[in-house]
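Residue strings, one per chain:
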Amino acid sequence: MTHTSILDALDDRVGIRDKNFTTYGLLNAPLVHRTLNPVLHTDIDDNSEPTTPVYIPTNPSIRPTKRDIITTQRRPTLSTTPTSMPQISTPTTQHRSIAPSIITRPSTMRTMTDLPAPLLQALRLIIRANHILHRHGLVDAFGHISLRHPLAPDQYLIAAYDPGAPALVKSQEDFVSYRVCDSSPVDPNAPQGYSERFIHGETLRRFPDINCVVHSHSETVIPFTLASIPVRPVFHMAGFLGSPSNGVPVFDAQDAYRELVGKVEITPDMLIKNQLLGKALAKKLHPSSPVVLQHKHGFTTMGKSVEEAVYRALYTQTNCELLSKALVFAGGDVEKVSYLSEEEAKSCKKMNEKCVDKSWRLWLREVQTSSFYENEEGEPEALAINGMKV
């Protein structure tokens with residue numbers, strides 16, 4: 001079955017965005033520039049400066065800015081909201097009001113209002129996803145995760161260069177919105193972003209059904225790109241890796257550089273820092289093989305949700321840990337290692353997709369109870385119970 005991608009025609013996603021604007025009252029809101037609010041224009045190739053509608057409801061919202069350190073004597077308390085399951089919250093000592101839109105730095109215009117529920121939930125998810133990736137060693141000061149804008153599918157959200165380190169993101173002010181079509185910032189005055197954001201923009205552009213992308217420099221995975229040892233699924237939690245016979249595809253930036261000679265300035269630092277390199281990398285991905293290794297660099301994976309993309313990132317790393325140990329026992333002979341069969345991989349992939357919620361609940365709780373990770377936007381709503389029904 002051939003996968004059909006939509007690279008240039010974003011009409012459907014623009015239509016969804018405009019419908020969301022109407023639903024959340026954005027069309028009649030005052031027009032001001034903001035970094036994460038969706039841009040209201042349908043011509044994605046228009047180079048004119050965009051105007052951005054700001055959502056202004058009637059009731060102000062108060063959220064904490066400072067959290068008490070959690071200790072064994074002072075445990076988190078359970079709180080409820082009108083729109084979600086019970087959530088974990090931490091006692092606070094002071095409060096502040098939230099601006100009417102997602103911004104990246106304090107502004108002189110700070111109207112105290114709420115955010116649309118889908119956008120707030122998206123922020124809560126991506127903040128905690130950053131924390132989870134750090135806790136499990138997939139990112140340090142480098143590495144990143146993006147999320148397609150829930151109200152504007154032709155845009156995506158990703159942390160800014162400052163604070164940069166995924167473990168340090170904590171609020172709406174730490175994120176920037178970019179256009180999927182070219183990874184340009186929605187707000188022309190947005191702060192500096194990640195140079196490798198083109199990984200995210202081009203992956204989201206190529207796969208309209210994908211909503212989250214993770215890029216990691218995992219030191220567990222990189223050795224497999226150096227020794228030309230194919231990464232194949234070796235246990236049931238990694239069935240999503242795709243065909244065991246072919247192994248996970250590998251992207252070599254040097255190959256891409258040779259093809260781009262004369263088209264763009266080449267700096268062989270192996271960073272995916274322009275649109276053409278982003279496109280070359282995205283071509284290595286496929287819904288049936290949602291992970292690509294990057295030679296001397298790391299790997300990228302994707303998912304229909306934040307939870308699915310994080311699941312795939314963590315278990316890609318775990319699969320490489322197990323494979324490296326198996327190779328030691330096999331004396332380095334890749335043919336002596338027992339991999340999943342094609343049938344097993346397909347069945348395990350379906351199982352993986354049904355069990356994402358179970359893993360996410362554990363990983364989320366781990367970062368919620370650590371005082372190191374701060375989150376000013378509240379906790380994401382609980383996932384529905386899925387699992388294998390037998």
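Keep in mind that this is a model prediction, so the values were computed, not measured.

Conventions adopted
Residues numbered from 1 in each chain as written. Predicted model: local features only at pLDDT ≥ 70, side-chain atom pairs only at ≥ 80, totals over all residues. Heavy atoms only, no water. Phe/Tyr/Trp six-rings, centres within 6.5 Å; stacked < 30°, edge-to-face > 60°. Buried < 20%, exposed > 50% of the residue type's maximum accessible area, 1.4 Å probe, protein only. Lys NZ or Arg CZ within 6 Å of the ring centre and 35° of its normal. Helix = DSSP H or I, 4+ residues; strand = E, 2+ residues; numbered from the N terminus. Pairing = 2+ DSSP bridges. Expected span 1.5 Å × (residues − 1). Salt bridge = Lys/Arg side-chain N within 4 Å of Asp/Glu carboxyl O. Axes fitted to C-alpha atoms, helices over the stretch in contact; angles between N-to-C directions. Parallel < 35°, antiparallel > 145°, perpendicular 65-115°, else oblique. Left-handed = near helix turned anticlockwise from the far one by under 90°. Contact = heavy atoms within 4.5 Å. Nonpolar A, V, L, I, M, F, W, Y, C, P; charged D, E, K, R; others polar.

Participant: Can you help me understand the packing of aromatic side chains in this one?
Facilitator: The relation between two aromatic rings is expressed through the spacing of the ring centres and the mutual angle of the planes. In this structure the tally under the stated criterion is seven aromatic pairs. Where phenylalanine 372 meets tyrosine 373, the ring centres are 5.1 Å apart and the plane angle is 80°; that geometry is what we call edge-to-face. You can call phenylalanine 372 partly exposed: its relative accessible area is 47%. Three or more aromatic residues link up through ring pairs in this structure, and these residues are Phe235, Phe240, Tyr311, Tyr315 and Trp363. When the ring centre of tyrosine 339 is taken as origin, the NZ or CZ atom of arginine 232, which lies over that ring, is 4.9 Å away.

Participant: In this structure, what is going on with the pairing of strand E6 (residues 155-159)? I would like to understand it.
Facilitator: Working note: regular strand, side chains alternate between the two faces of the sheet. With five of five residues buried, E6 is to be regarded as a mostly interior element. Taking every second residue as pointing to the same face, both faces of E6 are buried, with Gln155, Leu157 and Ala159 on one and Tyr156 and Ile158 on the other. Two elements, strand E5 (residues 144-148) and E6, share three bridges in a ladder whose sense is antiparallel. For arginine 148, the partnering residue across the bridge sits in E6 and is tyrosine 156. Joining the antiparallel neighbours E5 and E6 is a turn of six residues. Inspection of the sheet shows E6 paired to strand E7 (residues 175-179) by five bridges, in the antiparallel sense. What sits directly across from isoleucine 158, in E7, is valine 176.

Participant: In this structure, what is going on with helix H7 (residues 306-329)? I would like to understand it.
Facilitator: For an α-helix, the turn length of 3.6 residues means that residues three or four places apart are oriented alike. Taking 1.5 Å per residue, 24 residues should reach 34 Å; H7 reaches 35 Å between its end C-alpha atoms and fits that length. Once H7 finishes, glycine 331 follows within two positions and takes phi at roughly 65°, a positive value.

Participant: Explanation requested: the environment of proline 185 in the structure shown.
Facilitator: Checked against the element boundaries, proline 185 lands in the loop between E7 and helix H3 (197-206). Remark: the alpha-carbon pair of proline 185 and leucine 157, spanning 28 residues in sequence, is separated by 9.9 Å.

Participant: Just to check I follow, could you spell out the pattern of salt bridges for this structure?
Facilitator: If the charged atoms of two oppositely charged side chains come close together, the side chains can form a pair. Taken as a whole and judged by the stated rule, the model has 11 salt bridges. Arginine 128 serves as the salt-bridge partner of glutamate 379, at 2.6 Å between the closest nitrogen and oxygen. Of this pair, glutamate 379 sits in the segment after helix H9 (356-368) while arginine 128 sits in helix H2 (residues 117-135), and the two are 251 residues apart along the sequence. We note that glutamate 379, like arginine 128, is buried. Close ionic contact of arginine 135 with glutamate 366 constitutes a salt bridge, the shortest N to O distance being 3.2 Å. You can see arginine 135 sitting in helix H2 and its partner glutamate 366 sitting in helix H9, a full 231 residues away along the chain.

Participant: Teacher, can you tell me more about the sheet that holds strand E10 (residues 291-294) here?
Facilitator: Backbone-to-backbone hydrogen bonds join strands into a sheet, with any given pair of strands oriented parallel or antiparallel. Judged by pairing direction, the sheet is mixed, and its seven strands sit side by side in the order E7-E6-E5-E8-E11-E10-E9 without closing on themselves. Edge strands, defined here as strands with exactly one partner in the open sheet, are E7 and strand E9 (250-251).

Participant: Would you mind showing me how to read the packing of H3 against helix H6 (residues 275-282) here?
Facilitator: A pair of packed helices is characterised by two quantities: the angle between their axes and the separation of those axes. In the contact formed by H3 and H6, the axes pass within 8 Å of each other and the chain directions differ by 55°. One way to sum up the angle between H3 and H6 is to call them oblique. Crossing of H3 against H6: the hand is right-handed. On the side of H3, the interface is formed by Phe198, Ile199, Glu202, Thr203, Arg205 and Arg206, while H6 contributes Gln275, Gly278, Lys279, Leu281 and Ala282. A class-by-class count of the residues in the contact of H3 with H6 yields four nonpolar, three polar and four charged.

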